[in-house]
Amino acid sequence: MITPKELKETLSGISIGASTCNYSIETCEKLTPIINQINALKKQKNTVILAHSYVSPDIIYGVADHVGDSFELSKAAQSTNASTIIFAAVKFMAETAKILNPEKRVYTPSPINGCSLADAITADDVIALRKQYPDHAFICYINTSAEVKALCDCCVTSSNVYDIVDHYPNQNIYFLPDELMGKNIEAYLASKNSNKNFKYYSGTCYVHEEYDPDMIEFLRLNHPDAAIVAHPECKPSIIEKSTFVGSTSQMVNYVKTTDHPQYVLLTECGLTARLQMEAPEKQFIGSCTMCKYMKSNSLGNILNVLESPQPELEIHLNSSTISKAKASLMAMFKYAS
Ligand code: 13P
Ligand code: SF4
């Protein structure tokens, strides 16, 4: 059992601007009974809670069993013994857990569980593209629906995309759905003098496409020693000006293992909140950019799933989609290892 005072102390290191990350004693008094109920119920109901780094800190430090990037959370989903998975993130991540665990019940706590990348492309779009590019291997970012994964040859995440595309045993590759990541991969392949024929789709992440190179110039002028740490969903003009580029967990690792005077994290601000907790000696500058889908997860909607789950929040996929999408995920695990 945690008390409001203990919760406030636990989360006291967070100082980023978003109201979702401000923990007054009054807020902690409201949250602690919910945290204690969730922690008791998840044991009784043999349930594991997986949380992406972008969700609110009270979920991450109050009730989550595993926190990470999309690759680490797929691994956690693959190895859990629990009979039910609550995935505090977005729908495509919960679907990934279901694909890897068809016999388990998988829930997404919030009905606002989209993703501007996953929603940018449908299975029909992929069918049409495969007709247009019959000699291309189709590599999909994990930020896609199960139906789209089922039509692709190999899945990737931001933690392994550059390596997998580079080493994939096909000369012709079609990458989807992220255009900005596609342009970043193209630049990476060019830097390695790769002769792959590489094409990509036109989706974008509405959070990461916001970052502008002018902002980097401004930061560099005012904080010349700050490390700029960016996610590969950002524009190429941002990536080329960054000190480090990687998945959210790779960004966490970079900050924890380097010693710059300040850090600017160009990704959803939940990651800065996480690092303010886990690396309190580091200094962070910059504003808060939120993903409305990730931030729609709450302790309240996680408790609802444990107490009386709404049927529409359970992930259901047909067996053919599961087996085809699983092949694409297994190809990722094979090439990422
Ligand atoms: P990561 O796999 O790096 O956590 O990225 C997921 C995501 O949705 C980033 O916007
Ligand atoms: Fe999707 Fe962007 Fe939100 Fe990540 S931050 S879940 S890519 S909308």
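A short tour of the structure in this document, coming up. Just so it is clear, the structure is predicted and the values come from calculations on it, not from any experiment.

Before going further, it helps to examine the sheet that holds strand E9 (residues 227–230). Read across the open sheet, the 3 strands follow the order E10-E9-E11; overall the sheet is parallel. Whereas interior strands pair on both sides, the edge strands pair on one side only; in this sheet they are strand E10 (244–245) and strand E11 (263–266). Here 2 bridges tie E9 to E10, and the two strands are oriented parallel to one another. Counted as the bridge partner of Ala 230 is Val 245 from E10.

Moving on, we get to the site of ligand 2. The local shell around ligand 2 consists of Tyr 54, Cys 115, Ser 116, Leu 117, Asn 143, Cys 205, Tyr 206, Val 207, Glu 233, Cys 291, Tyr 293 and Met 294. Here the shell around ligand 2 is composed, by residue class, of 9 nonpolar, 2 polar and 1 charged.

Turning to the packing of helix H5 (residues 91–100) against helix H15 (residues 319–336), a few remarks are in order. It is at 9 Å that the axes of H5 and H15 come closest, and there the two elements cross at 95°. One element, H5, and the other, H15, form an angle in the roughly perpendicular class. Contacts between H5 and H15 involve Thr 96, Lys 98, Ile 99 and Leu 100 from the former and Ile 322, Ala 325, Lys 326, Leu 329, Met 330 and Phe 333 from the latter.

What follows deals with the packing of aromatic side chains. How two aromatic rings sit relative to each other is given by the distance of their centres and the angle of their planes. Counting across every chain of the model gives 10 aromatic pairs. Taken together, a centroid distance of 5.0 Å and an interplanar angle of 10° make the contact between Phe 138 and Tyr 174 stacked. Linking Phe 138 in strand E5 (residues 137–141) with Tyr 174 in strand E7 (residues 172–176), this pair joins segments that are 36 residues apart in sequence. Each member of the pair, Phe 138 as well as Tyr 174, is classed as buried. Relative to Phe 198, the ring of Phe 175 lies with its centre 6.4 Å away and its plane at 25°, an arrangement referred to as stacked. Linking Phe 175 in strand E7 with Phe 198 in strand E8 (residues 197–200), this pair joins segments that are 23 residues apart in sequence. Note on accessibility: Phe 175 and Phe 198 belong to one class, buried. Through a chain of ring-to-ring contacts, the aromatic side chains of Tyr 133, Phe 138 and Tyr 174 assemble into a single cluster.

Turning to the pattern of salt bridges, a few remarks are in order. Any two side chains of opposite charge can pair if their charged atoms end up close together. This model, assessed by the stated rule, comprises 11 salt bridges. A salt bridge links Lys 256 to Glu 278; the nearest nitrogen and oxygen atoms lie 2.7 Å apart. You can see Lys 256 sitting in helix H12 (residues 248–257) and its partner Glu 278 sitting in helix H13 (residues 270–278), a full 22 residues away along the chain. Classification of Glu 278 by relative accessible area gives partly exposed; the value is 29%. For Arg 274, the salt bridge goes to Glu 278, with nearest N and O atoms at 3.0 Å. One end of the pair, Arg 274, and the other, Glu 278, are both in helix H13, 4 residues apart, so they sit about a helical turn from each other. A cluster of three or more residues bridged by salt bridges with shared partners is formed by Lys 256, Arg 274 and Glu 278.

This part takes up the sheet that holds strand E2 (residues 66–68). Read across the open sheet, the 4 strands follow the order E2-E1-E3-E4; overall the sheet is parallel. This sheet does not close on itself; its edge strands, each paired only once, are E2 and strand E4 (105–107). This sheet shows a mean twist of 20° between the axes of neighbouring strands, independent of strand direction. Direction of pairing for strand E1 (residues 47–52) relative to strand E3 (residues 84–88): parallel, over a ladder of 5 bridges. Looking at the pairing, Leu 50 lines up with Phe 87 of E3.

Within the element layout of this structure, Pro 57 appears in helix H3 (residues 57–62). Owing to a relative accessible area of 2%, Pro 57 belongs among the buried residues under this scheme. Taking the C-alpha atoms as reference points, Pro 57 and Leu 180, 123 residues apart in sequence, are found 28 Å from one another.

Right, let's get into the pairing of E3. Across the 5 residues of E3, 5 count as buried, placing the element largely inside the fold. Of the two faces of E3, the one lined by Thr 84, Ile 86 and Ala 88 and the one lined by Ile 85 and Phe 87 are each fully buried. In terms of strand pairing, E3 meets E4 through 3 bridges, oriented parallel. Opposite Thr 84, over in E4, you have Arg 105 as the bridge partner.

Criteria and thresholds
- Numbers given to residues run from 1 along each chain, matching the order in which its sequence is written.
- The order in which chains are written sets their letters, starting at A; the order in which ligands are written sets their numbers, starting at 1.
- The predicted nature of this model means local features are confined to residues of pLDDT at least 70 and side-chain atom pairs, given and counted, to a pLDDT of 80 or more, with totals for whole chains, interfaces and linings taken over all residues.
- Excluded from the side-chain calculation are hydrogens and water; included are all heavy atoms of the structure.
- DSSP-based pairing: two strands are paired if at least 2 bridges between them are found.
- For the purposes of this entry, the term helix denotes a DSSP run of H or I that reaches at least four residues, the term strand denotes a run of E that reaches at least two, and both are numbered from the N terminus.
- Residue proximity to a molecule or strand is established when one non-hydrogen atom of the residue lies within 4 Å of it.
- Residues are grouped as follows: nonpolar covers Ala, Val, Leu, Ile, Met, Phe, Trp, Tyr, Cys and Pro; charged covers Asp, Glu, Lys and Arg; every other residue, Gly included, is treated as polar.
- Axes here refer to lines fitted to C-alpha atoms; in helices the fit is confined to the stretch in contact. Angles between the N-to-C directions go from 0 to 180 degrees.
- Reported orientations rely on four angle classes, namely roughly parallel under 35 degrees, roughly antiparallel over 145, roughly perpendicular from 65 to 115, and oblique for the rest.
- Contacts are assigned to residue pairs with any non-hydrogen atoms lying within 4.5 Å of each other.
- We call Phe, Tyr and Trp rings a pair once their centres come within 6.5 Å, taking the six-membered ring for Trp, and we label the pair stacked below 30 degrees between planes, edge-to-face above 60, and tilted otherwise.
- Each residue is assigned to one of three classes by its accessible area relative to the maximum for its type, calculated with a 1.4 Å probe on protein chains only: buried under 20%, partly exposed between the two thresholds, exposed over 50%.
- Think of a salt bridge as a Lys or Arg side-chain nitrogen and an Asp or Glu carboxyl oxygen that are within 4 Å of each other.

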